[in-house]
Amino acid sequence: MTGRDLVFALLGVVAVGAGLLVVTTRQLVHAALWLVVSFGALAGCYLVLTAEFVAWVQVLIYVGAVVVLLLFGIMLTRAPVGPSDELDSGNRWAALGVAAGTAALLVTVLVMGFRGTRLNDAPRCAAGASCPARANGSAEHLGEAVFRTWVLPFEVLSVLLLAALVGAIVLSRTDLPTPLRKGR
Amino acid sequence: MHLAFPLVTAALLFAAGVYGVLARRNAILVLMSVELMLNAVNLNLVAFDVHLRDRLHGGQVLTLFTIVIAAAEVGLGLAIVLLVFRNRQMIDVDRLRTLAEEPDPEAAGPDAAEPAAEREGAK
């Protein structure tokens with residue numbers, strides 16, 4: 001077990017443990033804060049996997065934006081601040097069974113399918129040519145990939161984001177004329 | 001490093017997300033669990049992109065797209081949750097039964113009265 005394995009295993013344990021605390025804690029605000037720990041550990045996992053640009057985007061968008069948005073939602077819905085037993089519904093044992101079944105199935109299939117496969121992430125370089133100094137997932141490589149190969153999905157995604165933002169604004173407006181609001 | 005490390009981590013995170021979606025009652029906690037599941041998928045995408053040494057970086061670019069879509073999803077989802085809270089003063093997903101399908105009109109006596117009472121209370 002190399003040092004890289006050890007770092008990844010530790011980060012993975014932190015990510016999974018914080019994820020389990022997100023879904024089991026009895027304080028709503030603590031769930032959002034454990035989500036920060038889980039996403040941060042996942043960003044560390046991406047760094048170990050040499051996907052550095054994805055790691056920084058993960059920190060920026062998930063830790064920076066999504067968790068803050070969720071905390072705003074907790075604040076605006078006047079959620080209970082202290083520990084509360086109301087957060088779990090009555091079907092938690094059925095949910096536990098389904099989740100355990102999912103975990104057992106996925107782990108069994110993945111371990112049986114990829115047992116002994118080593119991650120071959122050495123930079124691919126032709127014989128005699130000089131290998132690139134940067135890792136595969138640097139901002140330079142990903143920027144080239146996005147704006148050369150995947151530029152059409154990128155533009156479609158920007159339109160989707162615009163539509164989602166317009167939808168969120170329309171949903172949260174209160175000063176719309178009455179015919180739009182009559183159905184409620 | 002063995003490929004099984006990221007894959008098992010992702011599978012366990014996904015299972016935690018499944019448990020959260022099914023067992024949590026608060027709608028914001030359900031949204032958090034959905035985020036956990038999306039992150040598990042992202043970890044798989046990055047691991048296979050690195051493993052297959054994709055020249056086009058399809059896996060990592062798709063991870064970026066998934067992150068953007070997750071941000072849009074959580075924004076829209078929170079807008080819907082806030083709208084529900086404004087109308088009902090609560091966001092417990094198992095008490096929002098207005099759209100529930102009643103199996104039998106006669107058998108659903110006490111349950112059927114509850115949504116109507118909630119609707120009156122919201123007005």
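Residues numbered from 1 in each chain as written. Chains lettered and ligands numbered in written order. Predicted model: local features only at pLDDT ≥ 70, side-chain atom pairs only at ≥ 80, totals over all residues. Heavy atoms only, no water.

Here the focus is the environment of Ser138(A). Residues and elements named next belong to chain A. By the secondary structure assignment, serine 138 is in the loop between α4 (92–114) and α5 (139–149). Taking C-alpha positions, serine 138 is 5.8 Å from glutamate 52, a pair spaced 86 residues apart along the chain. In contact with serine 138, not counting residues within four places along its chain, are Glu52 and Phe53. There is a polar contact of 3.0 Å between the side chain of serine 138 and the side chain of histidine 141. (Helix = DSSP H or I, 4+ residues; strand = E, 2+ residues; numbered from the N terminus. Contact = heavy atoms within 4.5 Å. Polar contact = N/O pair within 3.5 Å; in protein donor to acceptor, adjacent residues only side chain to side chain.)

Attention now goes to the interface of chain A and chain B. Frequently, the measure chosen for interface size is the accessible area that the parts lose on association. Taken together, the contact between chain A and chain B spans 89 residues of the former and 69 residues of the latter. Where chain A abuts chain B, roughly 7300 Å² becomes buried across the two surfaces, and 73% of that area is made up of carbon and sulfur atoms. The interface formed by chain A and chain B contains one salt bridge. Of the charged contacts, one joins Arg24(B) and Asp88(A) as a salt bridge, the two residues approaching to 2.9 Å between their closest N and O atoms. Looking at the side of chain A that touches chain B, the elements that each hand over two or more residues are α1 (3–24), α2 (28–48), α3 (52–76), α4, α5 and α6 (151–172) of chain A. Tallied by class, the residues present in the side of chain A that touches chain B amount to 54 nonpolar, 23 polar and 12 charged. (Buried area = accessible area lost by both parts, 1.4 Å probe. Salt bridge = Lys/Arg side-chain N within 4 Å of Asp/Glu carboxyl O. Nonpolar A, V, L, I, M, F, W, Y, C, P; charged D, E, K, R; others polar.)

Our focus in this paragraph is the confidence of the model for chain B. Residue and element names in this part refer to chain B. With 84% of its residues at a pLDDT of at least 70, chain B reaches an overall mean of 84. When pLDDT is averaged over each element of chain B, helix α1 (residues 4–23) comes out on top at 94 and helix α4 (residues 109–122) at the bottom at 48. For the stretch residues 111–123, pLDDT sits under 50, and the model shows eight contacts to residues farther than four places along the chain or on other chains. (pLDDT = per-residue confidence, 0-100.)

Side chains bearing opposite charge may pair, as long as their charged atoms lie close to each other. If you walk through the whole model with that rule in mind, you get six salt bridges over all chains. Among the salt bridges present, the one from Arg173(A) reaches Asp175(A), with a minimum N-O distance of 3.0 Å. By relative accessible area, which is 36% here, Arg173(A) ends up partly exposed. The class of Asp175(A) is exposed, set by a relative accessible area of 54%. Across the pair Asp94(B) and Arg25(B) runs a salt bridge, and its minimum N-O distance is 3.1 Å. You can see Asp94(B) sitting in the loop between α3 (58–88) and α4 and its partner Arg25(B) sitting in the loop between α1 and α2 (27–52), a full 69 residues away along the chain. (Buried < 20%, exposed > 50% of the residue type's maximum accessible area, 1.4 Å probe, protein only.)

Before going further, it helps to spend a moment on α3(A). The terminal C-alpha atoms of α3(A), which comprises 25 residues, lie 35 Å apart, in line with the 36 Å expected from a rise of 1.5 Å per residue. Of all the bends in α3(A), the greatest, near 25°, is centred on Tyr62(A). Restricting attention to buried positions, one finds in α3(A) the residues Val54(A), Ala55(A), Val57(A), Gln58(A), Tyr62(A), Val66(A), Val67(A), Leu70(A), Gly73(A) and Ile74(A). Here the buried face of α3(A) lies against α2 and α5 of chain A together with α2 and α3 of chain B. Just beyond α3(A), the residue with positive phi is Arg78(A), at close to 50°. (Expected span 1.5 Å × (residues − 1). Bend = angle between axes of the 7 residues up to and from the residue.)

What follows deals with α1(A). Between the first and last C-alpha of α1(A) there are 31 Å, a value that for 22 residues agrees with the 32 Å anticipated at 1.5 Å per step. Three or more residues of α1(A) are buried, namely Asp5(A), Phe8(A), Gly12(A), Ala15(A), Val16(A), Ala18(A), Gly19(A), Val22(A) and Val23(A). Contacts made by the buried residues of α1(A) are with α2 of chain A together with α1 and α2 of chain B.

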